[in-house]
Each structure stands twice: as C-alpha cells, then as structure tokens.
Amino acid sequence: MIVVQKEIALAPFPRGMHLITARVLQELPEINGISMGMLHVFIKHTSASLTINENADPTVRDDFERHLNMMVPENTPYYRHTYEGPDDMPAHIKSSLLGSSVQVPITGGSLNLGTWQGIYLYEHRDRASGRKLVLTLFGT
C-alpha cells in the first residue's frame, strides 16, 4: 500500500471556476506507481470549494457562476456575517453547497476521470488570498 499526503499552496485566483487537474497531477508524480487507488483533494478554506465538472466548454463555467449568483445573491438584507464585504456570507454558503473535497479513482497510474471531466477550484470571493489544498493519494 502506498500512501502520500502533500499540502500545496495555490496562488490567488479571480472569482469563478478554475481547472486545477494539471496542477494536482504535477504535485503527485507518485500517482504513476498506483495501479488501483484513490485521490482525495481537500481545500482548507470556507469561502472556496472543489468540484468535478465539464472541462471542455468554458461556457459551462460561466453558466455555473451566473446560476450560483442567482441562487445565493449578494447584499441580501438578512445576512449578518458581512465583515469582509458583500461576497463574504454568499461565499460561505456556496462553499457548503459545493463541498470542500473531491475523490477521484486511480486506475493504471492515471486519474480515472470521464472524458470531459476535470477537478476545479471554485473561488467564491472577489479578492481572495491564495488557497491551500491537502492531497492524499493511496493505493496499490
């Protein structure tokens, strides 16, 4: 059994969905030695999230952003947690809706994603700092 865990820091991203599959793979060359296993990716923040989604057509990311902003609008009068601006509480809600981690199976030394799937960091803040991820790889 191989187990590898790394914490990586990502530079700040603007608001929206950002494909990070290549960066995750860059940080884990050990994945090539796994014939069958799992990759767990966890984000150590409450105002950004992780998701797996379409990686071919960029309009998917635009539509996703517009839809989430309609579902969870800014400047809602009943929000009390607004210390860091109007995107503060909506960012926390969006993060909880999408989640703080993803798991991807590993088969034959590669991520076993669908043809059009990728791992995304979804930044919900207008002016976020960098983000930290914990990557845990395990398998045989």
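Up top you'll find the structure we're talking about.
Residues numbered from 1 in each chain as written. Predicted model: local features only at pLDDT ≥ 70, side-chain atom pairs only at ≥ 80, totals over all residues. Heavy atoms only, no water.

Considerations on unusual backbone geometry
Across residues other than glycine, the phi torsion is negative in most instances, and most of the peptide bonds are trans. Applicable threshold: Runs of E in the DSSP output that reach at least two residues are strands. Runs of H or I that reach at least four are helices, and both are numbered from the N terminus. Exposure is judged per residue with a 1.4 Å probe applied to protein chains only, and the accessible area is read against the type maximum: over 50% gives exposed, under 20% gives buried, and values in between give partly exposed.
In this structure, Asn-75 is a non-glycine residue whose phi angle is positive, near 60°. Tracing the chain through its elements places Asn-75 in the loop between helix H2 (59–71) and helix H3 (88–98). Owing to a relative accessible area of 61%, Asn-75 belongs among the exposed residues under this scheme.

Examining the nonpolar core
The nonpolar side chains of soluble globular proteins are, as a tendency, buried together. Which entries qualify depends on this criterion: Each nonpolar core is a collection of buried residues, namely Ala, Val, Leu, Ile, Met, Phe, Trp, Tyr and Cys, held together in the definition by side-chain atoms within 4.5 Å. Residue contacts follow a heavy-atom distance rule, with two residues in contact if any of their heavy atoms lie within 4.5 Å.
If you look at the biggest cluster of nonpolar residues, it comprises 22 residues, and the most contacted ones within it are Ile-20, Leu-50 and Leu-133. Mapped by element, the contributors of at least two residues to this core are strand E1 (2–10), strand E3 (36–43), strand E4 (48–54), strand E5 (101–107), strand E7 (117–123) and strand E8 (131–139). Setting aside its immediate chain neighbours within four residues, Ile-20 contacts Leu-10, Phe-13, Leu-50, Ile-119, Tyr-120, Leu-121 and Leu-133.

Observations regarding the pairing of E5
For the record, the criterion: When DSSP finds two or more bridges between two strands, those strands count as paired.
Across the two faces of E5 the burial differs, with Val-102, Val-104 and Ile-106 buried and Ser-101, Gln-103, Pro-105 and Thr-107 not buried at all. In this structure, E5 lies alongside strand E6 (residues 110–111), joined through two bridges in antiparallel fashion. Bridging from a neighbouring strand, Thr-107 pairs with Ser-110 of E6. Hairpin connection between E5 and E6: a loop of two residues separates the two successive antiparallel strands, and Gly-108 in this loop has a positive phi of roughly 60°.

Thoughts on the side chain of Asp-88
Inclusion rule: Counted as a polar contact is a pair of N or O atoms within 3.5 Å, where, for protein atoms, one must be capable of donating a hydrogen and the other of accepting one, and residues adjacent in sequence contribute only when both atoms are in side chains.
Tracing the backbone shows Asp-88 in helix H3. Given a relative accessible area of 1%, Asp-88 falls into the buried group. Looking at Asp-88, its side chain comes within polar contact range of the main-chain nitrogen of Glu-84, at 3.3 Å. At 3.1 Å, the side chain of Asp-88 forms a polar contact with the side chain of His-92. Excluding anything up to four places from it in sequence, Asp-88 contacts His-81, Thr-82, Tyr-83 and Arg-125.

Side note on the pattern of salt bridges
Basically, it comes down to this: Counted as salt bridges are all cases of a side-chain nitrogen of Lys or Arg within 4 Å of a carboxyl oxygen of Asp or Glu.
The tally for this structure, following the rule as stated, stands at eleven salt bridges. For Glu-7, the salt bridge is made with Lys-44, and the minimal N-O distance between the two is 3.0 Å. With a gap of 37 residues between them, Glu-7 in strand E1 and Lys-44 in the loop between E3 and E4 connect regions that are remote in the sequence. Given a relative accessible area of 45%, Glu-7 falls into the partly exposed group.

A short note on H3
Convention followed: Taking the helix axis as origin, the arc is that swept by the directions to the C-beta atoms.
All of the buried residues in H3 are Asp-88, Pro-90, Ala-91, Lys-94 and Ser-95. Viewed along the axis of H3, the buried residues span an arc of 160°, placing them on a single side of the element. Check the buried side of H3 and you find it contacts E4 and H2. A positive phi of about 110° marks Gly-99, the residue just after H3.

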